[in-house]
Amino acid sequence: MKKVLILGSTGSIGVNALNVIRKFPDKFEVVGLTVNSNISVLKEQIDEFHPEFVVVKDEQKAKEFSQILNSEVEIFSGESGLIKVAQSKDFDILIGAMVGFAGLIPTLEAIKRGKRIALANKETLVVAGEIVTRLVAENGSEIIPVDSEHSAIYQCLIGENLKEVEKLILTASGGPFLNKDKSVFDNVTVDEALNHPNWKMGSKITIDSATMMNKGLEVIEAHWLFGLPFDKIDVVIHPQSIIHSMVQFVDGSIKAQMGLPDMKLPIQYALSFPERFENDFVRTDLPLINNLTFFEPDFDKFECLKLAYQVLETGGTAPCILNAANEVAVDKFLKGLIKFSDIPKFINTALNKIENHSNPDIETIIECDKLTRKFVNTLN
Ligand code: NAD
Ligand code: MG
């Protein structure tokens, strides 16, 4: 029986993780759940999964919650609560399902204790990949990717020698604007950008998919997970999202992992690895899917993808600046304050304005994140 702590249990990945865990009551036990502020959904999750402890990040909501909750569960609050449970509570697997930079510090605390990290929160690797991977190695921790592309690559690499990999090929759906001209990016609405063709996800990653920043973040994530340089990580547009990613070897052979666009499978794999558990999820019906197509990405249209490759090449705090600027810009776009086309502009401005630090320690990264947010908040 593995004890599981889910950071971000009320989000799209968190809820799907609970959908997986519900199917395997003899294999996994939920010991902890954390949320930002959604206490009504948290209440339902507590009633069903009976965790020992929860964290409500929002202090006010945490107070409210402690007054209405009549169960044994221990309640923590604030960022300090997140850090405390990651540092001191008993669990075997942390599911990193929080969105954004906020997931970094609690995840690092679990890594320092040698835990398994089932990682969806790609921003953690984007902003601090060097520190995260070093601490994983030093503490006997392990990261099993939940992101579907990286889960695919992880599965393709089983039994292979990393030295014999020629390149990684990340597939991208292309998002809702794949077939739109760049000229419309000044006028697309929030609803249009949130209308992803294949995946139902949280709003931040859905906008990232529309700008293709999501694929850019995934290139950086792949670099840290698999240790390959940026020029050995390719992106190919594959609108059907059936091939989740591929590995090409030095002899030209390509291995691909396939499945329906459903996060339950990569979540389950990150929990069950190195085993595979039998399940009753819907199977991939290839004749029904009928055709799989592939295109080159358009780097001029999707500037965010180009910027992500650039910051990976630059290194230092450049990926942290890119991530923080993107988080603020996406938030502003979702609130209707800026245009869709402003997102890459703001990121570019931040990258030009904010000083890059090489080999940053964690304090430098936290400082850089704060500084970038403050700066991008002044842009309009
Ligand atoms: P979401 O917005 O649906 O959920 C985010 C969760 O984190 C919620 O439970 C929320 O309460 C919590 N949270 C948000 N901000 C917080 C904060 N500041 N402090 C504490 N908790 C906070 O997001 P999602 O779509 O589930 O994505 C989560 C992560 O997984 C992201 O990093 C995303 O890139 C990655 N991911 C998601 C998918 C997907 O299908 N949704 C696929 C691959 C990777
Ligand atoms: Mg992905």
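Quick caveat: nothing in here was measured; it's all calculated off a predicted structure.

Chemist: In this structure, what is going on with the overall build of the protein? I would like to understand it.
Modeler: Helix and strand counts for the protein stand at 16 helices and eleven strands. Computed over the C-alpha atoms, the radius of gyration of the protein is 20 Å, within 12% of the 21 Å expected from 2.2 N^0.38 for a compact globule of 380 residues. If you line up the protein on its principal axes, its C-alpha atoms span 55 × 50 × 40 Å. A sequence separation of at least 24 residues applies to 68% of the contacts in the protein between residues at least 6 apart. Summing over all exposed atoms, the protein offers an accessible surface of approximately 16800 Å²; the carbon and sulfur share of this is 49%.

Chemist: I tried to follow the sheet that holds strand β11 (residues 254-258) on my own but got confused; where do I start?
Modeler: By way of backbone hydrogen bonds, the strands of a sheet pair with one another, either parallel or antiparallel. Strand order across the open sheet formed by four strands is β9-β8-β10-β11, with mixed pairing between neighbours. The sheet terminates laterally at β9 (233-237) and β11, the two strands that pair on one side only. Across the sheet, the mean angle from the axis of one strand to that of its neighbour is 20°, orientation sign disregarded. Across the sheet, helix α10 (residues 213-226) lies against β8 (165-172) and β9, angled at about 150° from β8, the strand it touches most.

Chemist: Is there a simple way to explain the coordination of the magnesium ion (ligand 2) in this structure?
Modeler: When a metal carries six donors in an octahedron, the ideal angles between them are 90 or 180 degrees, while four donors in a tetrahedron ideally lie at 109.5 degrees. Protein-derived coordination of the magnesium ion (ligand 2) comes from D147 (OD), E149 (OE) and E218 (OE), at a distance range of 2.1 to 2.2 Å. One chain supplies every donor for the magnesium ion (ligand 2), spaced along it as D-x1-E-x68-E. As far as burial versus exposure is concerned, D147 and E149 are alike and both buried.

Chemist: Please explain the site of ligand 1 as it appears in this structure.
Modeler: Of all residues adjacent to ligand 1, which total 22 residues, the nearest are T10, I13, N36, E123 and G202. E123 places a polar side-chain atom, nitrogen or oxygen, 2.7 Å from an oxygen atom of ligand 1. Computed on the free molecule, ligand 1 has an accessible area of 830 Å², of which 88% lies beneath the protein chains in the complex. Each residue belonging to the shell around ligand 1 can be placed in one class, and the counts come to ten nonpolar, eight polar and four charged.

Chemist: What should I look at first to understand the pairing of β8 in this one?
Modeler: Each regular strand carries side chains that alternate between the two faces of the sheet. In terms of burial, β8 is largely enclosed, as six of its eight residues are buried. Relative to strand β10 (residues 243-249), β8 runs antiparallel, the two being bridged by five bridges. Bridge pairing in β10 links K167 to Q248. Taken together, the five bridges between β8 and β9 define a ladder with parallel strand orientation. For L168, the partnering residue across the bridge sits in β9 and is I233.

Chemist: Would you mind going over the pattern of salt bridges with me for this structure?
Modeler: Any two side chains of opposite charge can pair if their charged atoms end up close together. Per the counting criterion, the structure on display carries 23 salt bridges. Of the charged contacts in the structure, one is a salt bridge between E74 and K89, with a shortest N-O distance of 2.8 Å. You can see E74 sitting in strand β4 (residues 74-77) and its partner K89 sitting in the loop between α4 (78-88) and β5 (93-96), a full 15 residues away along the chain. The class for E74 is partly exposed, based on a relative accessible area of 38%.

Chemist: Is there a simple way to think about the packing of helix α6 (residues 123-139) against α10 in this case?
Modeler: Any two packed helices are characterised by how steeply their axes cross, that is the angle between the axes, and by the distance between the axes. Packing of α6 against α10 leaves a shortest axis separation of 9 Å and a crossing angle of 5°. The orientation of α6 with respect to α10, classified from their angle, is roughly parallel. Between α6 and α10, the residues in contact are L125, V126, G129, E130 and T133 and L217, I220, E221, W224 and L225, respectively. Tallied by class, the residues present in the contact of α6 with α10 amount to six nonpolar, two polar and two charged.

Chemist: Would you explain the sheet that holds strand β7 (residues 142-145) in this entry?
Modeler: Strand order across the open sheet formed by seven strands is β4-β3-β2-β1-β5-β6-β7, with parallel pairing between neighbours. Across the chains shown, the open sheet's two edge strands, defined by having one partner strand only, are β4 and β7. With direction set aside, neighbouring strand axes in the sheet form an average angle of 20°. Examined bridge by bridge, strand β1 (residues 2-7) and β5 share four bridges and lie parallel to one another. By the bridge assignment for β5, V4 is matched with I93. Relative to strand β6 (residues 116-119), helix α11 (residues 264-272) is tilted by about 175°, and along the sheet it contacts β2 (28-35), β5, β6 and β7.

What counts and how
Residues numbered from 1 in each chain as written. Chains lettered and ligands numbered in written order. Predicted model: local features only at pLDDT ≥ 70, side-chain atom pairs only at ≥ 80, totals over all residues. Heavy atoms only, no water. Helix = DSSP H or I, 4+ residues; strand = E, 2+ residues; numbered from the N terminus. Rg over C-alpha atoms; globule rule 2.2 N^0.38 Å. Contact = heavy atoms within 4.5 Å. Areas by Shrake-Rupley, 256 points an atom, 1.4 Å probe, with all protein chains shown as cover. Pairing = 2+ DSSP bridges. Axes fitted to C-alpha atoms, helices over the stretch in contact; angles between N-to-C directions. Donors = N, O, S within 2.8 Å, 3.2 Å for Na, K, Ca; no water. Buried < 20%, exposed > 50% of the residue type's maximum accessible area, 1.4 Å probe, protein only. Near = heavy atom within 4 Å. Polar contact = N/O pair within 3.5 Å; in protein donor to acceptor, adjacent residues only side chain to side chain. Nonpolar A, V, L, I, M, F, W, Y, C, P; charged D, E, K, R; others polar. Salt bridge = Lys/Arg side-chain N within 4 Å of Asp/Glu carboxyl O. Parallel < 35°, antiparallel > 145°, perpendicular 65-115°, else oblique.

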